[in-house]
Amino acid sequence: MIKQWGKALSVLAIISLVTAGRAEAKSGIVIDGSTTVGPLAKSFAAYFDKKYKVPVTVSESGSGNGAKSLINKSCDIASMSRSMKPQELTAAKSNGVNPVSSIVALDGLAIVVHPSNPVRSLTKAQLADIYTAKITNWSKVGGPNAQIVVIQRESNSGTQESFKELVVGKETPVTRSAETQASNGAVKNRVSLTRGAIGFIGLGFTDSSVKKVAVNNVMPSSATVKNGSYPLSRPLFFVTNGQPTGLIKQFVDFPKTSDGKLIIKELGFVGKY
Amino acid sequence: MSSEDTARQVRSSAFVVSARKRKLQKISKMAGESTLLLIASFVAVVVLFIFFFVARDAVPFFQIRGFSEFFTSTNWYPADDPPGFGSLAIIYGSLMVTVGSALIAIPMGITAAICLSDVLPFSVRQYVKPIIEMLAAIPSVAFGFFALVILAPLLQNFGGPILMWTWWLIVSPFLLLAIIVVSELLTANIASEKKRKILHATSLGVFGLIALALLFFVGRKLQGIEILTGTNALNVSIILSFMALPTIVSVSEDALQAVGRELREGSYALGATRAETIVKTILPAASSGILAAVILGIMRSLGETMVVWMASGNSSHIPDPWFNYLESVRTLTATIAGDMGEADQVTGSARFHVLFAMGLLLLVISFVSNFISERIIVRQRKVLSGQ
C-alpha cells in the first residue's frame, strides 16, 4: 500500500515538474523581423539566456514580416528598421493588436562600394540619380570609367524602405536594372566581390571588405549618426502588442541599461539613451 | 465440441468453397482494389487541388488589375505607391534562364547518354552513371551557394578569358571534325591517287587556316568582354543546366538502352558503322524517351527557385540587348519566394494575389509542355510501330 502511494506521489512529482518546465518554456520571448536589428536582438537574447535563463528566439525575415508576425500574434516582439505603415496599423487594429514601438538604437545607412573604388564622397542627389539610373557610370561622380552595378534590397526590407524615403523619395521608383539581395550580409558580400557595385547596409554591418562612402561629405560613424549630421540615419524599433510587461518589458528596456549600451556599441550601432 | 472435430471442419472448409467464403473473397477483393484506387486517385486529386487553390487566389488579381498590365508591362514595383505589377520582364527572365540552361544541358546530356549507353564499356558505365546521378542529390541551396560565392566572382574577374576558353574548347573539336569530313567529301571523287592526296592536303590546310582564324578572332573578341556582374543569367543558366543534367542523362540513357540488342545487331549486320548505327537507328528509335528526358530536365530548370533566387541578381528588367546573358534577371519562382513573406492579405490585396497569378502561370506552362511532349511521344510511337 505504502509503495503504491509512493509511486503515485512520484508520478505526481514528475507531472508537476514537466508542467513547470512547460510553463517556464512558455515564458520565453519570440522575436521576428528586421535583419538589421537581428544582430542586436541576438546578442540581447544571448545575454538574457545566460543571465536570466530565459529562452529568446530570434528570426530575421525582414521588417515587413516582423510586422506581419506581430499582427498575427505569432511573435512577442517585432524588430523593425522602419516605423509601422498606416496599412499595417489598421490591420493590427482589426486583429485586436495594439502596436507600441520603443527605440532600440540608432543606425546609419552606410553607402558602400568596392574597396578598389576611388570615389570618396557622394551627395544625396547623386545617390538618388544613381538609384534612378540617371547616372550609370562612375566617371560622372569622380570615379573610373566603369558602369555602376546598383544593388538594392528586397521589398520586405525596412532598410530598403528607409533608403527610399531618405534618398530616392517615396514616390520615385528605383531603377529596374537594380540587383536585389535578401539581406544586409548578402549586399555586403555582393559589393565586396563586384568592382562596380554600390549598395547600402546598416552601419553595424560594415567592415574592411567594403568601403564606406561619405554622404554630403559626412562619413557615417557613431558620432555623426548620434549628433544627426549624417543624413542617412534612422531609429530601430522593438514593437510589442500593447505596453510591454514583465520579461518583455525588461527585454525592450534593455538598451537603456549599461550592459545593453555596451552591446549596442560593440556591434557598431549607436545608442539612443 | 472436441478439438478433433474443429480440426476436421477447418480442413474440409479449406477445400470446399462455400457461398459464404466466396462472398468474403469477393468483398476482400473489392476492398483491396478500392484501396489501391483510392491511393492512386489521391495523387491525381492532390494535383487538382493544387491547381484549384492556386487558381482561386490568382483570379482576384486579374479581377483587380486586369490582364494587360501583368503580361505587357515591365513595371514591377509591388511595394510602391502607386504599385506596379507588370511581370513581362520577370516572365522573360524565367524563359531566358530556362532556354539558357536547356541550350547547355540538352546537347551535353544527350551526348553523355549516348556515350554511356553505346560507347563506354559496361564496367565503366556501372560507375559513371551513379556518379552523374549523384548530381541530383546535391541540395539546390548548395548549388546556389556555389553560384554566388565561387562562380559569380570568377565570372567577374576572369569573365573574358573564361568565355574565350569555353569557345575554344567547345568549337574546336567540331571544327576539326567538320574540316576532315569536308575535305574527305571534296576529294572523294578524284580518280588519280596522287592528285587526290595533294588536293586533300591543300583543302585540309586551307580549311584549317580559316578555322584557326575564326577561333582566334572570335576568341579575342570574347576575351575583351568584361562581365559587370557575376550574378547574371549566364551564371544561373550554367548552374541550372548542371541541375537538369542528371535527369536528362539518366532518363535518355534508359531510353537508349531500351532500344534493344536486336535493332543494334540488325544495323551492324546491314554493314552500318557504329556512328551510323547510333545516328540512324538508335537515336530515332529512342527519340520519344529522349524527348521525355529533355522535358523533365527543362521543367526542373523552370521550377528551380533557390539557385535563381541566390544567383540571378533579381533585377526585374529585360536585358539590353534582349539576348544579353551577362545581365541580371529576375524569375517567376524567385519573385514568389522573395515577395511571399511581405505580401500577406493585410498589406495590400493585389500584391498578395499577383504571386499566385505567377504560380498559376508556371503551372500552366508546365502542364502545357507536359501535354505537348505526351502528344509527341504518342505520335512517335505510332510512327515507329509502323501505323
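Residues numbered from 1 in each chain as written. Chains lettered and ligands numbered in written order. Predicted model: local features only at pLDDT ≥ 70, side-chain atom pairs only at ≥ 80, totals over all residues. Heavy atoms only, no water.

### Digging into the overall build of chain B
Across its full length, chain B holds 13 helices and 2 strands. The C-alpha atoms of chain B give a radius of gyration of 29 Å, which is well past the 21 Å a tight globule of 387 residues would have. Burial status across chain B gives 41% buried among its 387 residues. Total accessible area on chain B stands at roughly 22,000 Å², and carbon and sulfur atoms take up 71% of it. Averaging the positions of the 29 positive and the 24 negative side-chain charges in chain B gives two centres separated by 12 Å. (Helix = DSSP H or I, 4+ residues; strand = E, 2+ residues; numbered from the N terminus. Rg over C-alpha atoms; globule rule 2.2 N^0.38 Å. Buried < 20%, exposed > 50% of the residue type's maximum accessible area, 1.4 Å probe, protein only. Areas by Shrake-Rupley, 256 points an atom, 1.4 Å probe, with all protein chains shown as cover. Lys, Arg positive; Asp, Glu negative; His and termini not counted. Charge placed at Lys NZ, Arg CZ, Asp CG, Glu CD.)

### Focus on the domain arrangement of chain A
All names here are of chain A. Taken as a whole, chain A is organised into domain 1 (2–106 + 236–266) and domain 2 (107–233). Each of domain 1 and domain 2 has a C-alpha centre, and these two points are 32 Å apart. Taken together, the contacts link 14 residues of domain 1 with 13 residues of domain 2. Roughly 920 Å² is buried in total at the junction of domain 1 and domain 2, and carbon and sulfur atoms are behind 48% of that figure. Of all residues in domain 1, Thr 35, Thr 36 and Leu 106 bury the most surface against domain 2, accounting for 49% of the area lost on that side. Connecting domain 1 to domain 2 are 2 salt bridges. In this structure, the salt-bridge partner of Glu 161 is Arg 82, at a minimum N-O distance of 3.7 Å. If you list the elements that add at least two residues to the side of domain 1 that touches domain 2, you get helix H3 (63–71) and strand E4 (99–113). (Domains from an automatic or database assignment. Contact = heavy atoms within 4.5 Å. Buried area = accessible area lost by both parts, 1.4 Å probe. Salt bridge = Lys/Arg side-chain N within 4 Å of Asp/Glu carboxyl O.)

### A short note on the packing of aromatic side chains
All names here are of chain B. Across all of its chains, the model carries 27 aromatic pairs over all chains by this definition. Judged by centre distance (4.5 Å) and plane angle (10°), the ring pair of Phe 62 and Phe 67 falls under stacked. Accessibility expressed as a relative area gives 52% for Phe 67, which makes it exposed. Ring centres 5.6 Å apart and planes at 90° place the aromatic pair Phe 62 and Phe 70 in the edge-to-face group. Here the two residues Phe 62 and Phe 70 agree in accessibility, since each one is buried. (Phe/Tyr/Trp six-rings, centres within 6.5 Å; stacked < 30°, edge-to-face > 60°.)

### What to know about the interface of chain A and chain B
Taken together, the contacts link 30 residues of chain A with 33 residues of chain B. Buried surface at the junction of chain A and chain B, both sides included, amounts to about 2,500 Å², of which 45% is carbon and sulfur. The interface formed by chain A and chain B contains 15 residue pairs in polar contact (both at pLDDT 80 or more). Those elements that provide at least two residues to the side of chain A that touches chain B are H3, helix H4 (86–94), helix H6 (158–168), strand E7 (179–181) and helix H7 (184–193) of chain A. Per element, the largest residue contribution to the side of chain A that touches chain B is 3 residues, and it comes from H3(A). (Polar contact = N/O pair within 3.5 Å; in protein donor to acceptor, adjacent residues only side chain to side chain.)

### Details of the pairing of strand E3 (residues 77–80) of chain A
Residues in a regular strand project their side chains so that they alternate between the two faces of the sheet. All names here are of chain A. Along E3, one buried face is formed by Ile 77 and Ser 79 and the opposite face, lined by Ala 78 and Met 80, is buried too. Bridge count for strand E1 (residues 29–33) against E3 is 3 bridges, and the pairing is parallel. What sits directly across from Ile 31, in E3, is Ile 77. (Pairing = 2+ DSSP bridges.)

### Looking at the nonpolar core
Residues and elements named next belong to chain A. Within the largest apolar cluster, 40 residues are counted, with the highest numbers of intra-cluster contacts made by Ile 111, Tyr 131 and Ile 198. Of all the secondary structure elements, the ones that give two or more residues to this core are E4, helix H5 (124–131), strand E6 (149–153), H6, H7, strand E8 (197–202) and strand E9 (211–215). In terms of residues, this core owes the most to one element, E4, which gives 6 residues. For Tyr 131, the contacting residues outside a window of four places in its chain are Val 150, Ile 151, Gln 152, Phe 163, Val 168, Val 174, Thr 175, Ile 198, Gly 199 and Phe 200. (Core = buried A, V, L, I, M, F, W, Y, C linked by side-chain atoms within 4.5 Å.)

### Remarks on the side chain of A:Gln152
All names here are of chain A. Mapped onto the elements of the fold, Gln 152 is located in strand E6. Take Gln 152: its relative accessible area is 13%, and that puts it in the buried class. Polar contacts involving the side chain of Gln 152 include one to the side chain of Gln 160, which spans 2.9 Å. Once you skip the residues sitting within four places of it in the chain, Gln 152 turns out to touch Tyr 131, Gln 160, Val 174, Ala 178, Glu 179, Thr 180, Gln 181, Val 187 and Phe 200.

### Details of the domain arrangement of chain B
For chain B, the assigned domains are domain 1 (1–36) and domain 2 (56–157 + 229–384). Between the C-alpha centres of domain 1 of chain B and domain 2 of chain B the distance comes to 55 Å.

### Things to note about the packing of H5(A) against H6(A)
Two packed helices can be described by the angle between their axes and the distance between those axes. All names here are of chain A. Direction vectors running N to C along H5 and H6 enclose 120°, while the axes themselves pass 9 Å from each other. The angle between H5 and H6 places the two elements in the oblique class. Contact residues: H5 offers Lys 124, Leu 127, Ala 128 and Tyr 131, while H6 offers Phe 163, Leu 166, Val 167 and Val 168. Residues that form the contact of H5 with H6 fall into these classes: 7 nonpolar, no polar and 1 charged. (Axes fitted to C-alpha atoms, helices over the stretch in contact; angles between N-to-C directions. Parallel < 35°, antiparallel > 145°, perpendicular 65-115°, else oblique. Nonpolar A, V, L, I, M, F, W, Y, C, P; charged D, E, K, R; others polar.)

### Some points on the pattern of salt bridges
Residue and element names in this part refer to chain B. What the rule picks out here adds up to 19 salt bridges over all chains. A salt bridge links Glu 253 to Lys 129, with the nearest nitrogen and oxygen atoms 2.9 Å apart. Here Glu 253, found in helix H8 (residues 233–258), pairs with Lys 129, found in helix H5 (residues 122–134); they are 124 residues apart in sequence, far enough to count as distant. For the pair formed by Glu 253 and Lys 129, the shared burial category is buried. What emerges from the salt-bridge pattern is a single network uniting Arg 125, Lys 129, Glu 133, Glu 253 and Asp 254.

### Topic: the environment of A:Val58
Residues and elements named next belong to chain A. Tracing the backbone shows Val 58 in strand E2 (residues 56–60). Separated by 126 residues in the primary sequence, Val 58 and Asn 184 place their C-alpha atoms 16 Å from one another. In this view, Val 58 contacts Ile 31, Gly 38, Ala 41, Lys 42 and Ala 45; residues no more than four positions away in its chain are not counted.

### Section: the confidence of the model for chain B
When pLDDT is averaged along chain B, the result is 87; 93% of the residues meet or exceed 70. Looking over chain B, one finds the lowest element-wise mean pLDDT in helix H1 (residues 3–15) of chain B, namely 57, and the highest in helix H4 (residues 88–119) of chain B, namely 93. (pLDDT = per-residue confidence, 0-100.)

### Structural notes on helix H10 (residues 258–266) of chain A
An α-helix turns once every 3.6 residues. As a result, residues three or four positions apart point the same way. Residue and element names in this part refer to chain A. Restricting attention to buried positions, one finds in H10 the residues Gly 260, Ile 263 and Ile 264. The buried side chains of H10 occupy one side of the element, clustering within an arc of 100° when seen end-on. Exposed residues pointing more than 90 degrees away from the buried face of H10 are listed as Ser 258, Leu 262, Lys 265 and Glu 266. Tucked into the core, H10 has its buried residues touching helix H2 (38–52) and E4. Of the residues flanking the end of H10, it is Gly 268, one or two places downstream, whose phi is positive at about 90°. (Arc of directions from axis to C-beta.)

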